[in-house]
Amino acid sequence: MLTLTEIAEDPLRLTSRLKPHGGSDVILRPLTHADTGQLAEFLDALSSESRRFSTFGGYDLATARELCDAIARYDKLRLVLEDVPSGRIVGLLEFSLALTPADIARYQDAGIRLTEPTDCRFGPTLADDYQGRGVGTLAFPLVTEVARLLGRTRIILWGGVRADNPRAIRYYEKNGFQPVGFFTEADGSQSLDMMLDLHPAPDPAGPSTRRGHP
């Protein structure tokens, strides 16, 4: 099982090159301390609509510094999507290895017991001009691989997904997330909790012919 410190010391362990159809290559890699300026530009460029669907505390240089300073210090792992020709950060994928009391309570009400050794939170944000281009879908197998390498077997959405964001809901459903239940945000809007179980599905042919990773 990988630790956050090991990832910070050797980011290449989680670095992959993606080849979107009809677009330039994108590198998926861990956030580094050298990314502060580029990350600030990414946050600042997000539209008001993208900001409404995100969970960042701010969208400026101070926030970028805070996220970069947090590398391997707390419970978060942040990966960036970097456009190869320009070097521009075009996406930020966040994992949290800690659960909030609110998460635990909501899932308990739905009959699901969350535990930190098995569960993690995940939240992606893409630059406006990269949304709807298939990059998120292309990166998702790597997202599940990272969760497994971190020793997690289930992924829940970081803060849920807004009920009025049907494109995001379709994205999660397409990638295997199951709805858990709706809840009300502080502003009165509705969001949906969703969960992905990473355990391999049983093979109908039986254990003797089961395929998959050990």
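Structural data are supplied above this passage.
A short tour of the structure in this document, coming up.

When its secondary structure is counted, the protein chain shows 7 helices and 9 strands. In terms of overall size, the protein chain behaves like a compact globule, its C-alpha atoms giving a radius of gyration of 17 Å where 214 residues would be expected to give roughly 17 Å. Seen through its C-alpha atoms, the protein chain measures out along the principal axes to roughly 50 × 45 × 35 Å. In the protein chain, buried positions account for 47% of the 214 residues. The long-range share in the protein chain, meaning contacts at least 24 apart out of those at least 6 apart in sequence, stands at 63%. In the form shown here, the protein chain has an accessible surface area of approximately 11,300 Å², with 53% of it arising from carbon and sulfur atoms. Charge centroids of the protein chain, computed over 24 positive and 29 negative side chains, lie 4 Å from each other.

Before going further, it helps to spend a moment on the pairing of strand β4 (residues 89–96). In terms of burial, β4 is largely enclosed, as 8 of its 8 residues are buried. Judged from the 7 bridges that link them, strand β3 (residues 76–83) and β4 form a sheet pairing that is antiparallel. Note on β4: the bridge partner recorded for L79 is L93. Hairpin remark: β3 followed by β4, antiparallel, with 5 residues in the connecting loop; positive phi at G87, about 75°. Direction of pairing for β4 relative to strand β5 (residues 119–126): antiparallel, over a ladder of 6 bridges. Considered in β5, the bridge of L93 is made with P124.

Among the nonpolar cores identified, the biggest contains 54 residues, and L39, L77 and F95 are the most heavily contacted of them. At 7 residues, helix α6 (residues 135–149) tops the list of elements feeding residues into this core. Apart from the residues lying within four places of it in its own chain, the contact partners of L77 are L4, I7, L14, L93, E94, F95, V146 and L150. By size, the runner-up hydrophobic cluster in this structure holds 6 residues, among which are L99, L114, I156 and M195.

The next thing to look at is the packing of helix α2 (residues 36–45) against helix α4 (residues 61–69). Between α2 and α4, the shortest axis-to-axis distance is 8 Å and the interhelical angle comes to 130°. In terms of orientation, α2 and α4 fall into the oblique class. Handedness of the α2/α4 crossing: right-handed. Listed contacts from α4 to T36, L39, A40 and L43 of α2 are L61, T63, A64, R65, L67 and C68. The class makeup of the residues in the contact of α2 with α4 is 7 nonpolar, 2 polar and 1 charged.

Rules used in this analysis
Residues numbered from 1 in each chain as written. Predicted model: local features only at pLDDT ≥ 70, side-chain atom pairs only at ≥ 80, totals over all residues. Heavy atoms only, no water. Helix = DSSP H or I, 4+ residues; strand = E, 2+ residues; numbered from the N terminus. Rg over C-alpha atoms; globule rule 2.2 N^0.38 Å. Buried < 20%, exposed > 50% of the residue type's maximum accessible area, 1.4 Å probe, protein only. Contact = heavy atoms within 4.5 Å. Areas by Shrake-Rupley, 256 points an atom, 1.4 Å probe, with all protein chains shown as cover. Lys, Arg positive; Asp, Glu negative; His and termini not counted. Charge placed at Lys NZ, Arg CZ, Asp CG, Glu CD. Pairing = 2+ DSSP bridges. Core = buried A, V, L, I, M, F, W, Y, C linked by side-chain atoms within 4.5 Å. Axes fitted to C-alpha atoms, helices over the stretch in contact; angles between N-to-C directions. Parallel < 35°, antiparallel > 145°, perpendicular 65-115°, else oblique. Left-handed = near helix turned anticlockwise from the far one by under 90°. Nonpolar A, V, L, I, M, F, W, Y, C, P; charged D, E, K, R; others polar.

Limitation: the analysis is restricted to geometry and does not speak to function.
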